[in-house]
Amino acid sequence: MAFITDKRELKRGLILFRRGDLQHREWHCRVKIPNQRRYKILALKTLDVETAEERAYELFADVKAKVNNDIAVFNRPFRDVAQEYLDVQKTRAQHQQISQARPKKIQAILDGPLEAYVGSIQVHLIGDDSWGDYPAWRREHGEGASERNGTRTVSRELAVKLVEQDEAAKVKRMAARRVRPKKLSAAEFEAAVQKKLEKPLPYISDATIGFEMAVFGAVMNYAIKKRYAPVSQRFDRRPKLRRMRRDEFTREEYRALHTKGRKWIRVSIKKDEEGKDQEVTNNAVAQWYRTMTYNMILIACNTGMRPSELKNLCWQDIEPAKDREGREIVVLSVRGKGKARKLVAAKSVGDYLNRVRGQAKIALKKKAEKAAGRPLPEYDEEPKPEDRVFTTIDGKPNQSLYEHLVDDLLEVTKLRRGSGGTARSIYSFRHTYATMRLQEGVDSLLLADQMGTSVKVIQDHYGHVNTVSYAERVLMGINGWDTENIALDAQAAAEEADAKLARAAQARQEPKKPRRSKR
């Protein structure tokens, strides 16, 4: 080390020295961490060599005691440890051990709520109180997406903070697309604050808090593994949180989505000059995208595929087959969340995929005509086996899965929000599949294998469906009981009618009291 001067070795693993890169002449010591190739440098804050030696021995003993008792030797703020953990997750994503989207989700949490909550705190000082108080702090300082979790009014201070957070997130998103964001004027900023103050603010859902605490706990476990924090700070047990589930589509809603979607492909509803709704025929490109969106929704509702699996689906992953009874089925090899599996689907899914194939051929023809500069009436090329199923009209993989068009269809069919008030998303189609299969009595173990998840997840998220699927067994012998109930109801109604007639007859027989004259 070039900046070390006046070096004195007090004992093996402990040296005393002055720093040549500083103007003052105070002593420092360097302690080697036992059983590691690491050193801790400490300022002794004295010019006297004897005092420096005494303090150096004390610090050496203190470091050794911390190592023996599994106490952190190095002080690191949570944000630094979080960045190390994030770098590890990015490396895992590069090696396809986890999905590519996972590090982005983790980073959003680390840079957002966890940075505000414990970012500057030394990781070895984060205790049970910080862990246990996080849900209450998050509900107080966060803004949810749905009013289903309850609402509250906010102070002006919090409203200003939330607007600043929204703008920071907007700037970051636009910077990622290399777009220069437009800064809000003072009037626009004040209007945004007033909007936050006037409208009740939804609470953060417990599902969101649970995921954030999972990341929080993972960083703390990483800190323990790297010996930045003691083992006593392993927070595996989370505070009690409610289980949240997305709203699926009922059978009636699915039928409405299925039937109204056909018209939605052809026409759009737009406002005329008088503000009235008017049907406008979509152009060829719009109809192409809407046809792809419509069939993707039907495929998702009838297979339970995750959005990532829909994105990764290629034509070579689709294989027609027959079941034991000779019925036509479709076998799909899907990949997502770092895992791969095969799932089976009904013949109708094959029909929807054939429609998508037809749209892919149209896109290929348009691309060839554009390159040739003339119409090609005889052109009829099939998509390549390695091509993605859901693409843009230019043949590129569609990373958003036509998200804005899905939202538009849900708005047109008035199915944007479910009975619980939660805004539906592409993931709701997977939940619809699971719900319908359970209602038909499919075993949870078979369904978990089909959907690439665990039986516990099926039971936790869809336990409310089991009562419907087991209705015949639950209501066994209920018909006789129903007959008795109907008879009892009829008897009670007859008795009540007789009593009513008796009261009316008695009222007619009673003499009327004379009216008093007004004076």
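Residues numbered from 1 in each chain as written. Predicted model: local features only at pLDDT ≥ 70, side-chain atom pairs only at ≥ 80, totals over all residues. Heavy atoms only, no water.

(A) Representation of the pairing of strand β4 (residues 39-43). Where burial is concerned, the two faces of β4 differ: the one with Lys40 and Leu42 is buried and the one with Tyr39, Ile41 and Ala43 is not. The antiparallel hairpin formed by strand β3 (residues 27-32) and β4 contains six residues in its connecting segment, where Asn35 sits at a positive phi of about 65 degrees. (Buried < 20%, exposed > 50% of the residue type's maximum accessible area, 1.4 Å probe, protein only. Helix = DSSP H or I, 4+ residues; strand = E, 2+ residues; numbered from the N terminus. Pairing = 2+ DSSP bridges.)

(B) Spotlight on the pattern of salt bridges. Enumeration over the complete set of coordinates arrives at 25 salt bridges. With a closest N to O distance of 2.5 Å, Glu143 and Lys196 form a salt bridge. Of this pair, Glu143 sits in the loop between α6 (134-141) and β5 (151-152) while Lys196 sits in helix α8 (residues 186-198); the two residues are 53 residues apart in sequence, bridging distant segments of the chain. For the salt bridge of Lys347 with Asp351, the shortest nitrogen-to-oxygen distance reads 3.4 Å. Linking Lys347 with Asp351, this pair stays in helix α13 (residues 347-372), spanning four residues, or about one helical turn. Relative accessible area serves as the criterion here: at 41%, Lys347 is assigned to the partly exposed category. The class for Asp351 is partly exposed, based on a relative accessible area of 33%. Connected through shared salt-bridge partners, Arg357, Lys361, Asp380 and Glu382 make up one network. (Salt bridge = Lys/Arg side-chain N within 4 Å of Asp/Glu carboxyl O.)

(C) Seen up close, helix α10 (residues 251-266). Helix length check: α10 (16 residues) gives 24 Å between terminal C-alpha atoms against 22 Å at 1.5 Å per residue, within 8%. The largest bend along α10 reaches roughly 35 degrees and is located at Lys260. Taken as a whole, α10 has its buried residues at Glu253, Tyr254, Ala256, Leu257, His258, Gly261, Trp264 and Ile265. On its buried face, α10 sits against β7 (267-271), α11 (284-303), α13, α14 (403-412) and α15 (427-439). (Expected span 1.5 Å × (residues − 1). Bend = angle between axes of the 7 residues up to and from the residue. Contact = heavy atoms within 4.5 Å.)

(D) Local environment of the packing of α11 against α14. The geometry of α11 relative to α14 is characterised by a closest axis approach of 10 Å and an angle of 75 degrees between their N-to-C directions. With respect to α14, the axis of α11 lies roughly perpendicular. The segment α11 lies against α14, with Tyr289, Arg290, Thr293, Met296 and Ile297 engaging Leu405, Val406, Asp408 and Leu409. (Axes fitted to C-alpha atoms, helices over the stretch in contact; angles between N-to-C directions. Parallel < 35°, antiparallel > 145°, perpendicular 65-115°, else oblique.)

(E) Region of the structure containing the sheet that holds strand β10 (residues 328-336). Spatially, three strands are ordered β9-β10-β11 in an open sheet, and the strand pairing comes out antiparallel. Sheet topology places β9 (318-322) and β11 (339-346) at the edges, where each strand pairs with a single neighbour. Going across the sheet, the axis of each strand differs from the next one's by a mean of 30 degrees, ignoring polarity. Alignment of β10 against β11, held across eight bridges, turns out to be antiparallel. Bridge assignment links Val330 to a residue of β11, and that residue is Ala345. Most of the contacts of α13 go to β11, to which it runs at about 105 degrees, and overall it touches β9, β10 and β11.

(F) Fine view of α14. Along α14, the positions that sit buried rather than exposed are Leu405, Val406, Leu409 and Leu410. Taken down its axis, α14 places every buried residue within 140 degrees of arc, on the same side. Taken together, the buried residues of α14 touch α10, α11 and α15. At the exit of α14 stands Lys414, carrying a positive phi of roughly 60 degrees. (Arc of directions from axis to C-beta.)

(G) Focus on the environment of Ile329. With respect to the helices and strands, the residue Ile329 is situated in strand β10. With 15 residues separating them along the chain, Ile329 and Val344 place their C-alpha atoms 6.9 Å apart. Setting aside residues up to four positions removed in sequence, Ile329 forms contacts with Glu319, Pro320, Ala321, Lys322, Asp323, Val344, Ala345 and Lys347.

(H) The arrangement of unusual backbone geometry in detail. Even without glycine at this site, Asp6 takes up a positive phi of about 50 degrees. Of note, Asp6 is situated in strand β1 (residues 4-11). Phi at Leu401 takes a positive value of approximately 55 degrees, unusual for a residue other than glycine. Tracing the backbone shows Leu401 in the loop between α13 and α14.

(I) Expanded view of the packing of α11 against α13. Direction vectors running N to C along α11 and α13 enclose 155 degrees, while the axes themselves pass 9 Å from each other. Comparing their axes, α13 and α11 come out roughly antiparallel. Remark: the crossing between α11 and α13 carries left-handed chirality. On the side of α11, the interface is formed by Trp288, Thr291, Met292, Tyr294, Asn295, Leu298, Ile299, Asn302 and Thr303, while α13 contributes Val349, Tyr352, Leu353, Arg355, Val356, Gln359, Ile362 and Ala363. When its residues are assigned to classes, the contact of α11 with α13 shows eleven nonpolar, five polar and one charged. (Left-handed = near helix turned anticlockwise from the far one by under 90°. Nonpolar A, V, L, I, M, F, W, Y, C, P; charged D, E, K, R; others polar.)

(J) Looking closely at the packing of aromatic side chains. Across all of its chains, the model carries twelve aromatic pairs by this definition. For the ring pair Tyr289 and Tyr402, a centre distance of 6.3 Å and an interplane angle of 65 degrees mean the geometry is edge-to-face. Of this pair, Tyr289 sits in helix α11 while Tyr402 is found in the loop between α13 and α14, placing the two residues 113 residues apart along the sequence. Every member of this aromatic cluster is reached through a ring pair, and the members are Phe78, Tyr117, Trp131, Tyr134, Trp137, Phe216 and Phe235. The ring of Trp315 carries the charged tip of Arg357 above its face, separated from the ring centre by 4.3 Å. It is Arg424 that lies over the ring of Phe249; its NZ or CZ is 4.3 Å from the centre. (Phe/Tyr/Trp six-rings, centres within 6.5 Å; stacked < 30°, edge-to-face > 60°. Lys NZ or Arg CZ within 6 Å of the ring centre and 35° of its normal.)

(K) Expanded view of the pairing of β3. The element β3 is extensively covered by neighbouring structure, given that five of its six residues are classed as buried. Note: strand β2 (residues 14-19) against β3, five bridges, orientation antiparallel. Following the sheet pairing, Leu16 is matched in β3 by Cys29. Bridging between β3 and β4 involves five bridges; their strand directions are antiparallel. Directly across from Val31, in β4, lies its bridge partner Lys40.

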